[in-house]
Every structure is written in structure tokens, then in C-alpha cells.
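# Residue-level structure breakdown
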Amino acid sequence: IWLMVNHPTMHAVALRQVADTLRDSVYAQLDWAINELDAYYPGLSDKFKRTTSPLEITYKPTGQKIYFRGADDPGKIKSIKPKFG
């Protein structure tokens, strides 16, 4: 999260062996991290848009995204094409 905030052209991909477990594990952990950082940097949490369909987190000021994919389907990993960065 902190890397994305400080590097405006960076995007991220969160991978898990099985896609079905992403929402309850990696996505939930990153959501928690954003909320924890908000305690030190008030308003940070409001700068992130979280969606569950598709499973993404977007940093609103720059449009950077965190994509979530399962390693069980490599084709979906290769198809990620951010608008920039």
C-alpha cells in the first residue's frame, strides 16, 4: 500500500494459489492494512476504492490498481493490462 502511494506509476498484483480464497485472505489483509495506515495518515482509507466484483482496490488520486488473481489460471494473470505504468 505504501509503495503505491509513493510511486504513482506502480500497480500491484496479489496472487494466491487458488483464486477462490483471495477475497477472504489477501484482499481482506490489504483492506486491513489500508485501515491501519489510516490511523497514522488520516484520510488515507477514503482514497481507496474497494470492489469485490471485480476484486480490485483502486487508489483514487492516481487510478492505480491492485489486481487479485489466482495462480490456478495463468491466462488471467497474463491478461492484466493497466492503462498506465
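For the structure, see preceding data.
Residues numbered from 1 in each chain as written. Predicted model: local features only at pLDDT ≥ 70, side-chain atom pairs only at ≥ 80, totals over all residues. Heavy atoms only, no water.

### Some thoughts on the pairing of strand E3 (residues 55–59)
Working note: regular strand, side chains alternate between the two faces of the sheet. Test applied: Any residue under 20% of the maximum accessible area for its type is buried, any over 50% is exposed, and the rest in between are partly exposed; the area is computed with a 1.4 Å probe on protein chains only. In this text, helices come from DSSP runs of H or I with a minimum length of four residues, and strands from runs of E with a minimum of two, each type numbered from the N-terminal end. Paired strands, in this sense, are two strands between which DSSP finds at least two bridges.
Judged by how many residues are buried, E3 sits mostly within the fold: five of five residues are covered. Covered by surrounding structure in E3 are Leu 55, Ile 57 and Tyr 59 together with Glu 56 and Thr 58, the residues of both alternating faces. The sheet contact formed by strand E2 (residues 48–52) and E3 spans five bridges and is antiparallel. Residue pairing across strands places Lys 49 opposite Thr 58, the latter belonging to E3. Hairpin connection from E2 to E3: two residues lie between these consecutive antiparallel strands. Pairing analysis gives four bridges linking E3 to strand E4 (residues 64–70), with the strands arranged antiparallel. Bridging across to E4, Tyr 59 finds its partner in Gln 64. Between the antiparallel neighbours E3 and E4 lie four residues, among them Gly 63 with a positive phi of about 85 degrees.

### Observations regarding the packing of aromatic side chains
Both the distance between ring centres and the angle between the ring planes are used here to describe each pair of aromatic rings. This is how the line gets drawn: The aromatic pairing rule takes the rings of Phe, Tyr and Trp, using the six-membered ring of Trp, and pairs them if the centres are within 6.5 Å, calling planes under 30 degrees apart stacked, those over 60 edge-to-face and the rest tilted.
Within the structure shown, the criterion is met by three aromatic pairs. Centre to centre, the rings of Trp 2 and Tyr 41 are 4.8 Å apart; their planes meet at 25 degrees, and the pair counts as stacked. Taken together, the residues span a long stretch of sequence, with Trp 2 in helix H1 (residues 2–6) and Tyr 41 in the loop between helix H2 (23–40) and E2 at a distance of 39 residues. Judged by its relative accessible area of 40%, Tyr 41 falls in the partly exposed class. Plain terms: the ring middles of Phe 48 and Tyr 59 are 4.9 Å apart, the flat faces sit at 40 degrees to each other, and that makes the pair tilted. With Phe 48 in strand E2 and Tyr 59 in strand E3, the pair connects residues that are eleven residues apart, well separated along the chain. When sorted by exposure, Phe 48 lands in the same class as Tyr 59, which is buried.

Purely geometric stuff here, so don't read any function into it on its own.
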